[in-house]
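Examining the three-dimensional arrangement
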Amino acid sequence: MIFFIISILGIASGFLLFSKIFLADSKDESLELNQKISVIIPARNEEKNLPYLLKSLFNQTTVPDEIIVVDDFSEDNTSKIAREFGVKLIKNPPLPPGWTGKNWALWNGYLNSTGDILIFLDADVRLSKDGVERIVKTLFSTNGAISVIPYHKTEQFYERLCLIVNILGVFAFMSPYERKSRSKGMYGSCIAVFRKDYEKVGGHKSICDRVTDDLSLGKLFCENGIKVENFLGYDVVAFRMYPNGMKSQLEGIAKSAALSMQLLNTKTVFLIALWAFGLVLTGFLTPILLYIHHPLAIQFLIGYILYVVQILYLQIYIGNFGILLPILHFIPTAYFLLMILYSFYQVKFLGSICWKGRQIKVGGK
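The present account deals with the structure reproduced in this document. Going along each chain's sequence as written, the residues are numbered from 1 onward. Per-residue local features of the predicted model are confined to residues with pLDDT of at least 70, and side-chain atom pairs are confined, for both listing and counting, to 80 or more; whole-chain, interface and lining totals are unaffected and use all residues. Excluding hydrogens and water, the side-chain figures rest on all heavy atoms present in the structure.

1. Some words on the environment of Leu9
We apply this condition: Secondary structure follows DSSP: runs of H or I at least 4 residues long count as helices, runs of E at least 2 residues long count as strands, and numbering of each begins at the N terminus. To sort residues, take the accessible area from a 1.4 Å probe on protein chains only and compare it with the maximum for the residue type: under 20% means buried, over 50% means exposed, and anything in between is partly exposed.
Relative to the elements of secondary structure, Leu9 occurs in helix 1 (residues 2–17). Its relative accessible area of 46% is what places Leu9 among the partly exposed residues. As a C-alpha pair, Leu9 and Trp275 span 266 residues in sequence and 7.6 Å in three-dimensional space.

As structure tokens, then:
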């Protein structure tokens, strides 16, 4: 009975951790904008992603005044694609000591921008036709800094393996304890901020050495009295994170998994751990107990099915992961555990993480 209660508490914690908070609706009222918008895109070997993002940016109801692509020493056609679209192309200067690659690219994008509103977008992001409009409307309504957790569009089976990773990532930002926190992180794929606020905190220069640039930037805003809010991308902001294969997915998830947990509220971590523990318990033990006809098999099966239902509900708002993996959720759960172990190994034993051909030292931070 105790294990059944734990699984029920785990499911309950999942619903507590998840909040449906969306961007402002473009139909609410028209946007009368007298401020210039700059979109800054850091890009390292993004020839497969960049065309989709640039096409969506040129097809907006509110077209940005300035689109800047910062080529971060790409070895593919990233620069060529940026030139073909006619956007401002910045070749990233050599990486100085003490900087991570993405922070350096974002900082140089800012230095070459002129907008009153800065929107930082990863190259794998896709926007709906009213995406920029709704991001800017939301920015004005919050009068602070915002970030958006994109809806994860997957195409290959290996991409869907990060189902549990994605759910936990959303929990980490949508938790009531994070939303009420005075030291709130942001989601780095899509961040919008007023230039004056970015300059007030010193921007990415102030967090130049941080691997978790998004979480660190959000906390920096909070420390300087600038309100931070996070939103679900749902039908507005989406991404396809790892189209380049399983290796890039493994590196991408592992590079921040262990570090990110250290920056969360203790209550959030406890609820995430409770949800994950119930998931592991039901996911791995239920098939075994059913196979050996154990007396507790039915109780575990009920918990297993409830997790399936919850995951199917959550993925409506988080990403298209299909039906098979939510039903066989022990598979993406095992993948998640592998990510955590690999991330922990890199941080604690190697002291560095690997991302896009770079070894990035993490030290004590």
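We are not done yet, so read on.
2. Considerations on a nonpolar patch on the surface
What counts, and what does not: Patch construction takes residues with relative accessible area above 30% that form no salt bridge. Like charges are linked within 9 Å, and nonpolar side chains (Val, Leu, Ile, Met, Phe, Trp, Tyr) are linked within 5 Å. Only the protein chains shown count as cover for residues, with accessible areas throughout obtained via the Shrake-Rupley method and a probe of 1.4 Å. Think of a salt bridge as a Lys or Arg side-chain nitrogen and an Asp or Glu carboxyl oxygen that are within 4 Å of each other.
Together, Ile2, Phe3, Ile5 and Leu9 make up a nonpolar patch on the protein surface, roughly 360 Å² of accessible area in all. Mapping Ile2 onto the fold places it in helix 1.

3. Re the sheet that holds strand 8 (residues 190–194)
Stated precisely, the cut-off is as follows: Between any two strands, pairing holds if DSSP finds at least two bridges. Inter-axis angles, ranging from 0 to 180 degrees, are taken between N-to-C directions of lines fitted to C-alpha atoms, where helices are fitted over the stretch in contact. Only heavy atoms enter the contact rule, under which two residues are in contact if any of them lie within 4.5 Å.
Taken in spatial order, the seven strands make up an open sheet running 3-2-1-4-8-6-9, and their pairing is mixed. If you trace the sheet from one side to the other, it starts and ends with strand 3 (88–91) and strand 9 (228–232), each paired once. Between one strand axis and the next, the sheet turns through 20° on average, direction left out of account. Note: strand 4 (residues 117–121) against strand 8, five bridges, orientation antiparallel. Among the inter-strand pairings, Ile117 is bridged to a residue of strand 8, identified as Phe194. Relative to the sheet, helix 3 (residues 78–85) contacts strand 1 (37–43), strand 2 (66–71) and strand 3, its axis offset from that of strand 3 by approximately 155°. Where helix 7 (residues 163–174) meets the sheet, it contacts strand 6 (145–149) and strand 9, and its direction lies at approximately 145° from that of strand 9.

4. Here's the deal with helix 2 (residues 50–58)
Of the residues making up helix 2, those classed as buried are Leu50, Pro51, Leu53, Leu54, Ser56 and Leu57. Buried positions along helix 2 lie against strand 1, strand 2, helix 3, strand 4, strand 5 (125–127) and helix 5 (131–142).

5. Things to note about the pattern of salt bridges
Under the criterion given, the structure shown has 12 salt bridges. In this structure, Asp209 engages Arg210 in a salt bridge whose closest nitrogen and oxygen atoms are separated by 3.3 Å. Within this structure, Glu155, Glu159 and Arg240 form a network of salt bridges that share partners.

6. Side note on empty space enclosed by the protein
Our working rule: In this analysis the probe radius is 1.4 Å and the grid spacing 1 Å, with only protein atoms considered; a cavity is a set of points the probe fits into but cannot get out of, a pocket is an open set with protein on both sides within 12 Å along at least five of seven lines, and lining residues have an atom within 4 Å of a point. Grid points are joined across faces, edges and corners, and a volume is the space filled by probe spheres set on the points. Classes in brief: Ala, Val, Leu, Ile, Met, Phe, Trp, Tyr, Cys and Pro nonpolar; Asp, Glu, Lys and Arg charged; the others, Gly included, polar.
Enumeration over the complete set of coordinates arrives at three cavities of 30 Å³ or more. Of the voids in this model, the largest cavity is the one considered here, and its volume is about 70 Å³. Elements with a minimum of two residues in the lining of the largest cavity: helix 7 and helix 10 (213–223). Split by residue class, the lining of the largest cavity holds five nonpolar, two polar and three charged.

7. Points about the side chain of Thr142
Our working definition: Under this definition, polar contacts are N or O atom pairs within 3.5 Å; protein pairs additionally need one hydrogen-donor-capable and one acceptor-capable atom, and for neighbouring residues in sequence, both atoms have to be side-chain atoms.
The topology assignment puts Thr142 in helix 5. Within the local environment of Thr142, its side chain forms a polar contact with the backbone oxygen of Leu139, the two atoms lying 3.1 Å apart. The contacts of Thr142, once residues within four sequence positions are left out, are Lys227, Glu229 and Phe231.

8. Here we look at the layout of surface pockets
Regions of empty space are outlined by a rolling probe, equal in size to a water molecule, passed over the atoms. The space that makes up the second largest pocket amounts to roughly 150 Å³. Residue lining of the second largest pocket: Lys48, Asn49, Tyr52, Arg126, Lys153, Glu155, Phe239, Arg240 and Pro243, and that is the complete set. Its residues assigned to classes, the lining of the second largest pocket shows three nonpolar, one polar and five charged.

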